[in-house]
Amino acid sequence: MKEKVIEIRNLSFSINGKEILKNIILDVYKGEFIGLIGPNGSGKTTLLKSINGINKCKGTIKIEQQDINQLTDREIALKIALMNQNTIIGFPFPAEEIVLMGRYPHLKKMQRISKNDRDIANKYMKFTNTFILKDKPITNMSGGERQRVLFSKVLVQETEIILLDEPTASLDITHEEQIFKYSKEMSKNGKTVITAVHDLRIAAKYCDRLILIKDGRIISDGIPKEVLTSENIKIAYDVKAFVYENPFTSLIDFYTYDRKNLDKNIHVICGGGSGSQIIHYLFEKGYRLSCGVLQYGDTDFINSEIMGIDIIKCMPFNDISEELMRKNIESIMKSNLTILTNMFIGKQNISNLIAARYSNDLIIIEDTPIENRDFTGGEALNIYNELKKNAKVIKSKELQKFV
Amino acid sequence: MLLILLGEIVLNTNNKVKNSTIIISFLFILTLCMVIATAIGAVRVPFLDTIKIILNNFGLTHFKITNKRFDSIIFYVRFPRVIVATLVGAALGLCGAVMQGLFRNPMADPGIIGISSGASFGAVIAIALNLTTVSLYFMPVFAIIGALTSAFIIYRLASSKGKVPVLTLILAGIAVSTFIGALTSLILSRIAEYQVREYLFWSIGSLSGRRWEHVNLSAVPILIGIIILVSFSRELNVLLLGEEEAQSIGLNPYRARRTILFFSSIVTAVAVCVSGNIGFVGLIVPHILRLIVGPDNRILLPLSALGGAVFLLICDLIARIIIMPSEIGVGIVTSLVGAPYFLFLLNKSRKEGVAL
């Protein structure tokens, strides 16, 4: 077991009778990179400020086995550094001087800043790529530069525990992830980093452990996959979301949606990506959806699965079996409406086209002529033209008019 | 001695060549100003004789002085006045810089925490009770008691649970100063005309007739106060970043602010009690210097002390010689220079929308 660096027991904090933190219990181990997540006003900042003793709370906080109330401000600052949220400095101090202020707790009264202090400052400024800015006044810096300088100041404090309060809020994507990269590196070198973060994707990408806070309570604590579930996101943020692994980056990603439930079933016959946008649109509209038959790994398959839609599945590179065909037809017959997308038709999926005959109501999406999509040598063409007689044939962009 | 001490402090806290050069040149300018201010006056004394007389009287040298009359003019009339001007100017310049840093507000001066109004109130009581005729010391002592009492009241009013928010402090300062000002006016309306004139003379601020007694009264507290305040320059730098930043690097901003306010109150009060209310020194000197050396208090604080001394010496020289053989209050000169500058500053900060 790793060394415990922070131990919090029954921590509560109130301002003017309003409880901001409620009975927090938390253990933090050396080298962890923890993301504090939760909606605005949930108590992330308050918890960080309690850990470094700025907020005087009920309950106990132990830092490296020492009760925080027995430490002086300076002793705490030698153990914990905090980077505040949105620090705006109105005085034109050069970056190097700002960073050197991080040495404050290490210096005695009237003790000069030594060569060693400057070396430490330079080392971390090089690490955060701010060394070239060392003589630039902080008032003339861009948001990204300023945050990196303030981050260097926190590192220069050379504490075992580093607390960051939304260090990348309000930064553009160029700079958003830098501080997380640096923090990850620091945690690999044995520093313990706790950061409040509002971007859940970044939190999941970089942090080893996430703590989800809602109304001052920890409602989930664990590795990103355990914490970032649809249920937890519904509880914490009051938003419906699907959590999935992004197939492109294999990182945790989110799809948030807002839908009413309509009492109408629609079956979508699709494949090869032709149905994804249609399914997405219908899903948000609130219809009960099914689709098929789709092969594993098909784009439409992946996207439908994220949304939790009923899929009639078959193995890749296999013809659709009679059993699956039957299931598909059942599903089509149950549906009030069937939509046939602008898909390519080959030997393997021609039975989907045949199944469409059983629809109660059929909409055919035709963006490109069937002749260009038929890879069956005319077989599909005949069935398709027959289907068209009893169906509405529309362009995909016209769909909104019909459903 | 004061200057060498100041120079030492600065050179020890900042090892940049550029800054130490500025300090040394300011020390040189100050020394020059002191000699010139001592030499010039209704009776013109040659510079060399001036230096000789000063050194002789400190027992350092035994030069022969041709004109015996010079000796008393230089050593008992002008030189103590010059030293008082130096001390008061240094105190006001430094405390101005400290207050502007502490309140993160370019318009701040020691008046914010009621020093001036409190000192005036103390002075008017001393005058009303006719104590000024009894001893030279009564007025300064009453002024300093008044200044510190009002600073204490304002501080107590603004603090809650050990914290003193800057805005509350400024508002409490305005309210209490106005209240004390009204009490002062009330007393002024009830006392004799010669007493009112005496108060007026004091309140404009003047260095006229300041003698070694005034030096003895003010030198030690001002010098010690200056050293202590300069030693807090790093803390002031940290406070400039804001309370949250200070806390996260282990500096309790409330405790530091309390300590700094306490010492700057004393230094200002002592300065005000020997010279009256001399306006604008604490405002314009730090501002001009901030433009030259930037916001770093480790250099700004000692330079503001030196700069304040130079500025007040020059203003006092002007006050003495402009309508020779008579003279005007130095407070009039500093305000005539300071008020237009203040307006310029106000205009500039409004246009740019930022604090200097």
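Residues numbered from 1 in each chain as written. Chains lettered and ligands numbered in written order. Predicted model: local features only at pLDDT ≥ 70, side-chain atom pairs only at ≥ 80, totals over all residues.

Asker: Help me get a handle on the overall build of chain A, residues and values and all.
Answerer: A count of helical and extended segments in chain A gives 17 helices and 18 strands. Taking 22 Å as the expected radius of gyration for a compact globule of 403 residues, we find that chain A reaches 29 Å, considerably beyond that expectation. Every one of the 403 residues in chain A was classed for burial, and the buried ones make up 42%. Across chain A, contacts joining residues at least 24 apart in sequence account for 66% of those joining residues at least 6 apart. (Helix = DSSP H or I, 4+ residues; strand = E, 2+ residues; numbered from the N terminus. Rg over C-alpha atoms; globule rule 2.2 N^0.38 Å. Buried ≥ 20, exposed ≤ 12 C-beta atoms within 10 Å, placed from the backbone. Contact = placed C-beta atoms within 7 Å.)

Asker: Requested: an account of the overall build of chain B, with residues and values cited.
Answerer: Secondary structure summary: chain B contains 15 helices and zero strands in total. Scaling as 2.2 N^0.38, a compact globule of 356 residues should have a C-alpha radius of gyration of about 21 Å, and chain B matches this with 20 Å. Projected onto its principal axes, the C-alpha positions of chain B cover 65 × 60 × 40 Å. Within chain B, contacts between residues at least 6 apart in sequence are counted, and of these 76% link residues at least 24 apart.

Asker: Can you lay out the packing of helix α5 (residues 115-128) of chain B against helix α12 (residues 253-275) of chain B for me, pointing to particular residues and giving the numbers?
Answerer: Residue and element names in this part refer to chain B. One way to put it is that α5 packs onto α12 with a least axis distance of 10 Å and a crossing angle of 45°. Judged on the interaxial angle alone, α12 and α5 are oblique. In the packing of α5 onto α12, the handedness of the crossing is right-handed. Residues I115, S116 and A119 of α5 pack against S265, T268, A269, V272 and C273 of α12. (Axes fitted to C-alpha atoms, helices over the stretch in contact; angles between N-to-C directions. Parallel < 35°, antiparallel > 145°, perpendicular 65-115°, else oblique. Left-handed = near helix turned anticlockwise from the far one by under 90°.)

Asker: Tell me about helix α1 (residues 44-51) of chain A, residues and numbers included.
Answerer: Across the eight residues of α1 of chain A, eight count as buried, placing the element largely inside the fold. Listed as buried for α1 of chain A are K44, T45, T46, L47, L48, K49, S50 and I51 of chain A.

Asker: For the domain arrangement of chain A, give the residues involved together with the corresponding values.
Answerer: By domain assignment, chain A separates into domain 1 (4-90 + 155-254) and domain 2 (265-402). Centre-to-centre, using C-alpha coordinates, domain 1 of chain A lies 46 Å away from domain 2 of chain A. (Domains from an automatic or database assignment.)

Asker: Kindly report on the interface of chain B and chain A, identifying the contributing residues and their values.
Answerer: On the chain A side, the residues contacting the 21 residues of chain B number 23 residues. When residues of the side of chain B that touches chain A are traced back to their parent elements, those giving at least two are α1 (2-13), α10 (233-240) and α11 (243-248) of chain B. Classifying every residue of the side of chain B that touches chain A by side-chain character gives seven nonpolar, 10 polar and four charged. (Nonpolar A, V, L, I, M, F, W, Y, C, P; charged D, E, K, R; others polar.)

Asker: Residues and numbers for the sheet that holds strand β7 (residues 161-165) of chain A, please.
Answerer: For sheets, the rule is that strands pair by backbone hydrogen bonds, running either parallel or antiparallel. Residues and elements named next belong to chain A. One open sheet accounts for six strands, arranged β6-β7-β8-β3-β9-β10; its pairing is mixed. A strand with exactly one partner marks an edge of an open sheet, and here the two such strands are β6 (80-83) and β10 (217-222). Averaged over all pairs of adjacent strands, the angle between strand axes in this sheet comes to 15°, irrespective of strand direction. Of the strands in this sheet, β3 (33-37), β7 and β8 (192-196) touch helix α7 (residues 178-188), which is tilted by about 150° from β8. (Pairing = 2+ DSSP bridges.)

Asker: Just give me the short version of the pairing of β3 of chain A, but keep the residues and values in it.
Answerer: All names here are of chain A. Where burial is concerned, most of β3 is hidden: five out of the five residues are buried. The alternating pattern of β3 places F33, G35 and I37 on one face and I34 and L36 on the opposite face, and all of these are buried. With four bridges connecting them, β3 and β8 associate as parallel partners. Note on β8: the bridge partner recorded for L36 is A196. With four bridges connecting them, β3 and strand β9 (residues 209-214) associate as parallel partners. Directly across from I34, in β9, lies its bridge partner R209.

Asker: Tell me about the sheet that holds strand β4 (residues 58-63) of chain A, residues and numbers included.
Answerer: Residues and elements named next belong to chain A. With antiparallel pairing, the four strands of this open sheet are ordered in space as β2-β1-β4-β5. Taken across any chain shown, the strands that pair with only one partner, and hence form the sheet edges, are β2 (18-29) and β5 (66-67). Where β4 lies against β5, two bridges are found, and the strand directions are antiparallel. Following the sheet pairing, K62 is matched in β5 by D67.

Asker: I'd like a description of the pairing of strand β14 (residues 288-295) of chain A, backed by residues and values.
Answerer: Residues and elements named next belong to chain A. Most of β14 sits inside the fold, with six of its eight residues counted as buried. As paired elements, strand β13 (residues 265-269) and β14 share four bridges and run parallel to each other. Note that in β14 the partner of H267 across the bridge is S290. Where β14 meets strand β15 (residues 310-314), five bridges bridge the pair, whose relative direction is parallel. Across the sheet, S290 pairs through a bridge with D310, a residue of β15. With respect to chirality, the unit in which β14 leads through helix α12 (residues 299-306) into the neighbouring parallel β15 is right-handed. (Right-handed = clockwise from strand over helix to strand, strands pointing away.)

Asker: I'd like a description of the environment of Y76 of chain B, backed by residues and values.
Answerer: Residue and element names in this part refer to chain B. Relative to the assigned elements, Y76 resides in helix α4 (residues 68-102). On the basis of neighbour counts, which here come to 13 C-beta atoms within 10 Å, the residue Y76 falls in the partly exposed class. C-alpha of Y76 to C-alpha of A158: the two residues are 82 residues apart in sequence and 45 Å apart in space.

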